[in-house]
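Each chain is listed here by its residues.
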Amino acid sequence: MENNHPSFARIIEEELIDYRIRSRFYHPSYVKRLGLSGTERVLEFGSGGGCMSRALARTLITEGSLSCVEISAYWIEKARQRLKVFTNIEYLQGDITRMTVPENHFDAVIIHFVLHDIEPVSRIDVVSALTKVIRPEGTLFIREPAKPNHGMPLSEIRALMQSAGLREIHTGCTRSWQRTWICDGTFKKSW
Ligand SMILES: C[S@@+](CC[C@H](N)C(=O)[O-])C[C@H]1O[C@@H](n2cnc3c(N)ncnc32)[C@H](O)[C@@H]1O
């Protein structure tokens, strides 16, 4: 887990594809499917440049709040600039396994295309740290690519969530327009 400055190629890709296209068309429909009521306290783990955060902040605009957790100083600053009109967002830069975040506090945690980028041996520590901050009966939503060379299989997502003590509500995989598999899951904290 490093606080890396992104490569020039990644900055361009994020600006042209993630920010201009995905954040307008794909992220809002994903957030809608989560079924949030708008009153929740949500933590978005690995929020990057805020492409998903915009749709979340809009959903939570009146009574909810969003905490963006991001390891990269570059991306958290990018998100802060892009989303400055929203007053319901807090920005937390750092490593979730070492940060002080209130326990049993969040109604929902969202992990979107992040865990597969973290080295496999560290994933359980990250999921355990995120589980601690979810309130009892709160929800963890996860969505990750399942490509063998750059992704993680659904079986690993399930095993990690089970190891952290989370209860499975739903899991499934769908084929993207790029013909790669994407897996998602909804898990609950029972205690
Ligand atoms: C592929 S981007 C996804 C951004 C966003 N979730 C989305 O779907 O638009 C992955 C992000 O996770 C961040 N990240 C990777 N490891 C992390 C960690 N240990 N803690 C917090 N953020 C992390 C990266 O810096 C990067 O911004």
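From a predicted model like this one, the values you see are computed outputs, not experimental measurements. (Residues numbered from 1 in each chain as written. Predicted model: local features only at pLDDT ≥ 70, side-chain atom pairs only at ≥ 80, totals over all residues. Heavy atoms only, no water.)

Things to note about the sheet that holds strand β7 (residues 181–189)
Here is step 1 of the chain: The seven strands lie next to each other as β3-β2-β1-β4-β5-β7-β6, forming an open sheet whose pairing is mixed. Of all strands in the sheet, those bounded by a partner on one side alone are β3 (89–93) and β6 (166–175). Put simply, the sheet's adjacent strands are angled 15° from each other on average, direction ignored.
Here is step 2 of the chain: Of the strand pairs in this sheet, β6 and β7 are connected by nine bridges, and their pairing is antiparallel. Within β7, the residue paired with H170 across the bridge is T186.
Here is step 3 of the chain: Across the sheet, helix α1 (residues 8–34) lies against β4 (106–112) and β5 (134–145), angled at about 145° from β5, the strand it touches most.
Here is step 4 of the chain: Sheet contacts for helix α2 (residues 51–59): β1 (41–45), β2 (65–70), β3 and β4; angle to β2, the most-contacted strand, approximately 165°. (Pairing = 2+ DSSP bridges. Helix = DSSP H or I, 4+ residues; strand = E, 2+ residues; numbered from the N terminus. Axes fitted to C-alpha atoms, helices over the stretch in contact; angles between N-to-C directions. Contact = heavy atoms within 4.5 Å.)

Some thoughts on the site of the ligand
Here is step 1 of the chain: In the neighbourhood of the ligand, 15 residues make up the surrounding shell, with G46, G48, E70, I71 and H112 lying closest.
Here is step 2 of the chain: The separation between a nitrogen atom of the ligand and a polar main-chain atom of G46 is 2.8 Å.
Here is step 3 of the chain: For the ligand, a nitrogen atom lies 3.3 Å from a polar atom in the backbone of I71.
Here is step 4 of the chain: Burial of the ligand by the protein amounts to 85% of the accessible area it has alone, namely 600 Å².
Here is step 5 of the chain: Its atoms largely coinciding with the cavity grid, the ligand occupies the largest pocket. (Near = heavy atom within 4 Å. Polar contact = N/O pair within 3.5 Å; in protein donor to acceptor, adjacent residues only side chain to side chain. Areas by Shrake-Rupley, 256 points an atom, 1.4 Å probe, with all protein chains shown as cover. 1 Å grid on protein atoms, 1.4 Å probe; cavity = no way out; pocket = protein on both sides within 12 Å on 5 of 7 lines; lining within 4 Å. Sits in = over half its atoms within 2 Å of the grid points.)

Side note on the pattern of salt bridges
Here is step 1 of the chain: For the structure shown, the criterion picks out 14 salt bridges.
Here is step 2 of the chain: The salt bridge partner of R10 is E13, with a shortest N-O separation of 2.8 Å. Of the two residues, R10 and E13 both sit in helix α1, three residues apart, roughly one turn of that helix.
Here is step 3 of the chain: The shortest N-O distance in the salt bridge between R143 and D184 comes to 3.8 Å. Of this pair, R143 sits in strand β5 while D184 sits in strand β7; the two residues are 41 residues apart in sequence, bridging distant segments of the chain. Accessibility classification places R143 together with D184 in one group, the buried group. (Salt bridge = Lys/Arg side-chain N within 4 Å of Asp/Glu carboxyl O. Buried < 20%, exposed > 50% of the residue type's maximum accessible area, 1.4 Å probe, protein only.)

Some points on the pairing of β1
Here is step 1 of the chain: Of all five residues making up β1, four are buried, and the element is well covered by its neighbours.
Here is step 2 of the chain: Relative to β2, β1 is paired through five bridges, and the arrangement is parallel. In the strand pairing of β2, L43 is matched with S67.
Here is step 3 of the chain: Between β1 and its parallel partner β2, the chain crosses via α2, and the hand of that crossover is right-handed. (Right-handed = clockwise from strand over helix to strand, strands pointing away.)

Concerning the layout of surface pockets
Empty pockets left among the atoms are what a rolling probe the size of a water molecule brings to light.
Here is step 1 of the chain: Of the volumes computed, that of the largest pocket is approximately 1600 Å³.
Here is step 2 of the chain: Lining the largest pocket are 50 residues, and of these R10, F113, V114, H116 and D117 lie nearest its centre.
Here is step 3 of the chain: Taken together, the elements giving at least two residues each to the lining of the largest pocket come down to α1, β1, α2, β2, β5 and β6.
Here is step 4 of the chain: It is α1 that provides the largest number of residues to the lining of the largest pocket, a total of nine residues. (Points joined across faces, edges and corners; volume = space filled by probe spheres on them.)

Brief notes about the side chain of H27
Here is step 1 of the chain: When you line up the elements, H27 lands in helix α1.
Here is step 2 of the chain: Residue classification places H27 among the buried residues on the basis of a relative accessible area of 6%.
Here is step 3 of the chain: When neighbours within four sequence positions are excluded, H27 is seen to be in contact with R22, C51, M52, A55 and H112.

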